[in-house]
Amino acid sequence: MPELTELKTWLWVDYDEIGSTNDEALRLSKDLLPNQKIVITAQKQSKGRGRRGRSWISLDGNLFMSMLFSWPLEDCGAITFMVSLALLNTVLKLSPQASVGLKWPNDVLLNNHKLSGILLERGEKNSLVIGIGVNIKNAPSGNNMLYPATSLKAQGVACDRITFLKQYLQEFDNICEKYKQEGLSSIVELWKQKAVGLGQKIIVRTPKMEEKGIFANINHDGMLQLKMNDGTIKTISAGDVFFDDNGDNN
Ligand code: BTN
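Quick summary incoming for the structure in this document. Think of each chain on its own: its residues are numbered from 1, step by step along the sequence as written. Under the rules for a predicted model, residues below a pLDDT of 70 receive no local features and side-chain atom pairs below 80 are neither given nor counted, while totals for whole chains, interfaces and linings still include all residues. Remark: hydrogens and water are excluded; side-chain values derive from all non-hydrogen atoms of the structure.

Points about the nonpolar core
We call a set of buried residues a nonpolar core when its members are Ala, Val, Leu, Ile, Met, Phe, Trp, Tyr or Cys and they connect through side-chain atoms within 4.5 Å of each other. Working definition: with a 1.4 Å probe on protein chains only, accessible area under 20% of the residue-type maximum means buried, over 50% means exposed, and in between means partly exposed. Counting 60 residues, the largest nonpolar core has Met67, Met82, Ile130, Ile132, Phe164, Tyr168 and Phe172 as its most contacted members. Going along the chain from the N terminus, every DSSP run of H or I of four or more residues is numbered as a helix, and every run of E of two or more is numbered as a strand. Here the element with the most residues in this core is helix H2 (residues 76-94); it accounts for 10 residues. When residues of this core are sorted by domain, at least three fall in each of domain 1 (5-193) and domain 2 (201-243). In this structure, Phe164 is in contact with Leu63, Leu87, Thr90, Val91, Leu94, Val134, Ile136, Leu152 and Cys159, ignoring residues within four places of it in sequence. By size, the runner-up hydrophobic cluster in this structure holds 8 residues, among which are Leu28, Leu32, Ile38 and Val129. What fixes the domain bounds is an automatic or database domain assignment. The criterion used for residue contact is that any of the two residues' heavy atoms lie within 4.5 Å.

Set out below in structure tokens:
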């Protein structure tokens, strides 16, 4: 184990440079003690990983973090909502008027641009690794972006990665408490209040399929429900959502 310092209810290590904070968290998971909650950050990340085997462009000044703690497999449906809600609440604490929303399954949008990404992985000993990238000072750009990105700085929110981290850990602990007290349904309800595109035409893409329809709901397991042209509901467990401004749903 590296030397860990206390940060709120967490044990924290901040590396000057690392390949991927998620890879480091996965390595540390084999020595995790039952009640330990560890958060790993790095000032620079050279091999950041994203969802579906994509890479995560890790620009200077941004936050790269991975949380590692024991979490039952059966509660994994809840965690993705808790993490993204905590991120959204963090932005609102820093900038109460910010126009923030949530894009299924777990992206935070600021002024309709992607601000952050979340990568969930299972570690050893029944643990969960939650990798989070937040564009604090810089946002990647270019034609090969899956979804247009922004940063807090570009939207006029002054912050640094450590200030964001401390506020985020507080918000995450608050949401965990709410989950323990009230269960998944109240978390899903809160998430839906901030969901972008509910009731609207969307496109859901995976490497194997593309579906168009109306974003009808998110069910209790966190799956997206798409109302198809013929009125049937298709339940989708994974994919990338795009807003179909011009689509005719055919
Ligand atoms: C996504 O594809 O949207 C998820 C991106 C997750 C990136 C973060 S940055 C910190 C952590 N370490 C990684 O290698 N990936 C995650």
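Some details on the site of the ligand
The near set for a molecule or strand comprises every residue that places at least one heavy atom within 4 Å of it. Taken together, the neighbourhood of the ligand is formed by 19 residues, with Ser20, Gln45, Arg49, Arg51 and Lys114 sitting nearest. For the purposes of these results, a polar contact is taken to be a pair of N or O atoms within 3.5 Å, where, inside protein, one atom must be able to donate a hydrogen and its partner to accept one; residues adjacent in sequence count only when each atom of the pair is a side-chain atom. With respect to the ligand, the side chain of Gln45 contributes an N or O atom lying 3.0 Å from a nitrogen atom. Between Arg51 and the ligand, the recorded distance is 2.7 Å, taken from a backbone N or O atom to an oxygen atom. Considered on its own, the ligand offers 420 Å² of accessible surface; in the complex 98% of this is hidden by protein. Breaking the shell around the ligand down by element, the ones donating at least two residues are helix H1 (21-28), strand S4 (63-70), strand S7 (113-122) and strand S8 (127-134). If one sorts the elements of the shell around the ligand by residue count, S7 sits on top with 4 residues. Amino acids outside the nonpolar list (Ala, Val, Leu, Ile, Met, Phe, Trp, Tyr, Cys, Pro) and the charged list (Asp, Glu, Lys, Arg) are all regarded as polar, and Gly is one of them. Grouping the constituent residues of the shell around the ligand by class yields 6 nonpolar, 10 polar and 3 charged. Surface accessibility follows the Shrake-Rupley procedure with a 1.4 Å probe radius. Residue values consider only the protein chains on display as shielding.

Things to note about the sheet that holds strand S3 (residues 37-45)
By definition, two strands form a pair when at least two bridges between them are found by DSSP. Sheet architecture is open: 8 strands sit in the order S1-S2-S3-S4-S8-S7-S6-S5, paired in mixed fashion. In this open sheet, the two strands that pair with only one neighbour each are strand S1 (5-7) and strand S5 (100-103). Each strand of the sheet is rotated relative to its neighbour by a mean of 25 degrees, with strand direction disregarded. Where S7 meets S8, 7 bridges bridge the pair, whose relative direction is antiparallel. When the bridges of S8 are listed, Ile118 appears paired with Ile132. Whenever a helix is involved, its axis is fitted only over the stretch in contact; in every case the axis is a line through C-alpha atoms, and angles between N-to-C directions fall within 0 to 180 degrees. Here H2 sits on the sheet in contact with S4, S5, strand S6 (107-110), S7 and S8, set at roughly 145 degrees to S7. In the packing of helix H3 (residues 161-182) onto the sheet, contacts are made with S1, strand S2 (10-18), S3, S4 and S8, and the angle to S4 comes to roughly 30 degrees.

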